[in-house]
Amino acid sequence: MDYSNLSKAAQAAPPNLIRAFSEKISHIDGLLKFNIGEPDFPTPEVVKQATIESINKDQSFYSHSRGVMELREAIAGYIDRKFNLEYDPATEVIVTVGSTESLKAAVDVVTNPGDNILVVDPNYVIYNTQVTLARGNIVPIEVADTKFKLTPQAVHDKMAEIGEAKAILFNYPVNPTGVSYNREELKALAEVFTEYNLYIISDEVYSEFNYGEEDHVSIAEFAKDRTILINGASKAFAMTGWRTAFVAAPKAIIDSLFAVHQSMVTAPPTQIQYGAIVAYNDLDEDVAEMRQSYLDRRNLVIAGLESLDIEYIKPEGAFYILFKVPDWFDGDDQEFCLQIAHDQKVALTPASVFGNGGKQYVRISYASSAENLKILIERLGKFKDAHQ
Ligand SMILES: Cc1ncc(COP(=O)(O)O)c(C=O)c1O
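Conventions used here
- Residues numbered from 1 in each chain as written.
- Predicted model: local features only at pLDDT ≥ 70, side-chain atom pairs only at ≥ 80, totals over all residues.
- Axes fitted to C-alpha atoms, helices over the stretch in contact; angles between N-to-C directions.
- Helix = DSSP H or I, 4+ residues; strand = E, 2+ residues; numbered from the N terminus.
- Left-handed = near helix turned anticlockwise from the far one by under 90°.
- Contact = placed C-beta atoms within 7 Å.
- Nonpolar A, V, L, I, M, F, W, Y, C, P; charged D, E, K, R; others polar.
- Parallel < 35°, antiparallel > 145°, perpendicular 65-115°, else oblique.
- Pairing = 2+ DSSP bridges.
- Core = buried A, V, L, I, M, F, W, Y, C linked by C-beta atoms within 7 Å.
- Buried ≥ 20, exposed ≤ 12 C-beta atoms within 10 Å, placed from the backbone.
- Domains from an automatic or database assignment.
- Near = placed C-beta within 6 Å.
- Expected span 1.5 Å × (residues − 1).
- Arc of directions from axis to C-beta.

**Describing the packing of helix H5 (residues 98-110) against helix H6 (residues 126-133)**
Okay, so step 1: At a minimum axis separation of 9 Å, H5 and H6 run at an interaxial angle of 35 degrees. When the axes of H5 and H6 are compared, the crossing they make is right-handed. Residues Thr-100, Leu-103, Lys-104 and Val-107 of H5 touch H6, and the partners they reach there are Ile-126, Gln-130 and Val-131.
Okay, so step 2: Its residues assigned to classes, the contact of H5 with H6 comprises four nonpolar, two polar and one charged.

**Structural notes on the packing of helix H3 (residues 45-56) against helix H12 (residues 270-282)**
Okay, so step 1: The geometry of H3 relative to H12 is characterised by a closest axis approach of 7 Å and an angle of 150 degrees between their N-to-C directions. It follows from the interaxial angle that H3 and H12 lie roughly antiparallel. Remark: the crossing between H3 and H12 carries right-handed chirality. Across the interface between the two elements, Val-46, Val-47, Lys-48, Ala-50, Thr-51, Ser-54 and Ile-55 of H3 pack against Gln-271, Ile-272, Tyr-274, Gly-275, Ile-277, Val-278, Ala-279 and Asp-282 of H12.

**Focus: the sheet that holds strand S9 (residues 312-313)**
Okay, so step 1: On the basis of which strands lie adjacent, the open sheet formed by four strands has the order S9-S10-S13-S12 and antiparallel pairing. A single partner strand is all that each edge strand has here, and the edge strands are S9 and strand S12 (349-350).
Okay, so step 2: Two elements, strand S10 (residues 320-324) and strand S13 (residues 361-365), share five bridges in a ladder whose sense is antiparallel. Considered in S13, the bridge of Tyr-320 is made with Ser-365.
Okay, so step 3: Helix H13 (residues 284-307) rests against S9, S10 and S13 of the sheet, and its axis sits at about 10 degrees to S10.

**What to know about the nonpolar core**
Okay, so step 1: Formed by 117 residues in total, the largest nonpolar core has its most connected members in Ala-106, Ile-200, Ile-201, Ile-228 and Val-247.
Okay, so step 2: Residue contributions to this core reach at least three from each of two domains, namely domain 1 (8-42 + 285-387) and domain 2 (45-282).
Okay, so step 3: In this structure, Ala-106 is in contact with Ile-201, Ile-228, Ile-230, Val-247 and Leu-257, ignoring residues within four places of it in sequence.

**Points about the sheet that holds strand S8 (residues 245-248)**
Okay, so step 1: Pairing is mixed across the open sheet formed by seven strands, whose spatial order is S2-S8-S7-S6-S5-S3-S4. Every interior strand has two partners, whereas the edge strands, strand S2 (93-96) and strand S4 (137-142), have only one. When the angles between neighbouring strand axes are averaged without regard to direction, this sheet yields 20 degrees.
Okay, so step 2: Sheet topology places strand S5 (residues 167-171) next to strand S6 (residues 199-203); five bridges connect them, and they run parallel. Each bridged residue has a counterpart across the sheet, and for Ala-167 the counterpart in S6 is Tyr-199.
Okay, so step 3: The sheet strands contacting helix H4 (residues 69-83) are S2 and S8, and the helix crosses S2 at an angle near 110 degrees.

**With respect to the pairing of S8**
Okay, so step 1: The two faces of S8 match: Ala-245 and Val-247 on one face and Phe-246 and Ala-248 on the other face are all buried.
Okay, so step 2: Here S2 pairs with S8 via four bridges, running antiparallel. Each bridged residue has a counterpart across the sheet, and for Ile-94 the counterpart in S8 is Val-247.
Okay, so step 3: By the bridge criterion, four bridges tie strand S7 (residues 227-232) to S8 in an arrangement that is antiparallel.

**Remarks on the site of the ligand**
Okay, so step 1: The ligand sits among 13 residues. The nearest are Gly-98, Ser-99, Thr-100, Asn-175 and Ser-234.
Okay, so step 2: By residue number, the principal contributor to the shell around the ligand is H5, which donates three residues.

**Digging into the domain arrangement of the protein**
Okay, so step 1: Along its sequence, the protein is carved into domain 1 (8-42 + 285-387) and domain 2 (45-282).
Okay, so step 2: At the interface, 36 residues of domain 1 touch 34 residues of domain 2.
Okay, so step 3: Of the residues contributing to the side of domain 1 that touches domain 2, the split by class is 24 nonpolar, seven polar and five charged.

**Observations regarding the environment of Tyr-211**
Okay, so step 1: The residue Tyr-211 is located in the loop between S6 and helix H9 (220-223) in this model.
Okay, so step 2: C-alpha of Tyr-211 to C-alpha of Pro-173: the two residues are 38 residues apart in sequence and 9.5 Å apart in space.
Okay, so step 3: Ignoring sequence-local partners within four residues, the contact set of Tyr-211 consists of Leu-295, Arg-298, Glu-316 and Gly-317.

**A closer look at helix H14 (residues 333-344)**
Okay, so step 1: Helix length check: H14, at 12 residues, gives a terminal C-alpha distance of 16 Å against a target of 16 Å (1.5 Å per residue), a fit within 8%.
Okay, so step 2: Regarding H14, the residues found buried are Asp-333, Phe-336, Cys-337, Ile-340 and Ala-341. Angularly, the buried residues of H14 cover 125 degrees about the axis, an arc narrow enough to put them on a single face.
Okay, so step 3: Considering only its buried residues, H14 is in contact with helix H2 (17-25), strand S11 (346-347), S12, S13 and helix H15 (370-387).
Okay, so step 4: Looking one or two residues beyond H14, the residue adopting positive phi is Lys-345, at roughly 55 degrees.

Shown next, in the form of structure tokens:
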């Protein structure tokens, strides 16, 4: 049978290049992995217990499609406590199956075929797939020349080039760079997004891991009427496998987004939601400990890279750090990661998988034990010695 008449968008959707690279090296025995973007902590016990209790109470049926009210209230309370923003749990919050679902629904809800959707390049790879599936036109804004930060000027320049755009997919703290934005920078960006009448799909899944002087500020603070705020439990509470997150936005956006959400999942898994209630309500102290632990590990990696004279982008959040392919290596970021995987048995991610703007950079995920991170630095040192 000839399958070439399958949906053009589905056929054009780019594959997950992080996974594709990871497969190239997965056969190497004894590989130490620094290419995985997920917390290395167990999910906190209280969350597990609440979920077990829900299973034992036979809460095994569809919940409200938007999520159980008690969870939506917990999420609204969390957003208020963390970002000082009010959302109505009845009409402005939907519980989703991971931020990935929130993102997909948000992209679907703003995109008409052919719409330009801006992304900051390098960016989390799934954005490109989601925009392609929605028949949108992805427009990368490369930020490598401005220390990997999006500036209002870069938005003006891109808009002058393309004329119009519908939305921006904006993420901070950023996967893969660890870069983040302070209140002043966010205010300036929100102004420029507003000037061009863009919807802001704001992916703030790393909000809890912010190492700057001030706490994480949501861009919704400056442009609530056009922001689709996305966050979730995966990174914040070490719950990636639970697949639970949320989307919060003005009622009119949520009303349309609800149709997309319902068509994808009917309702989020019920028992998981009872665990998530505890997570959003009661884990502030656990999260503070995790944040400190990531920060210590960030500092350990920074000190290691400095001792090897390797140029890096100082991360202000998340658990990633980018370093530049050093001059002593004759090749690009893909070749660097392939060769170090074979020679030193460490798995890193070539940042060109995140877009053109990532070329010649390598991403380390430091959500790994301090012991392993020390081994990584040692092996980077050996790799350097072998190449100098
Ligand atoms: C920037 C970013 N957004 C969203 C996600 C997806 O998170 P979730 O597990 O909530 O679907 C990830 C996961 O790595 C991510 O890095």
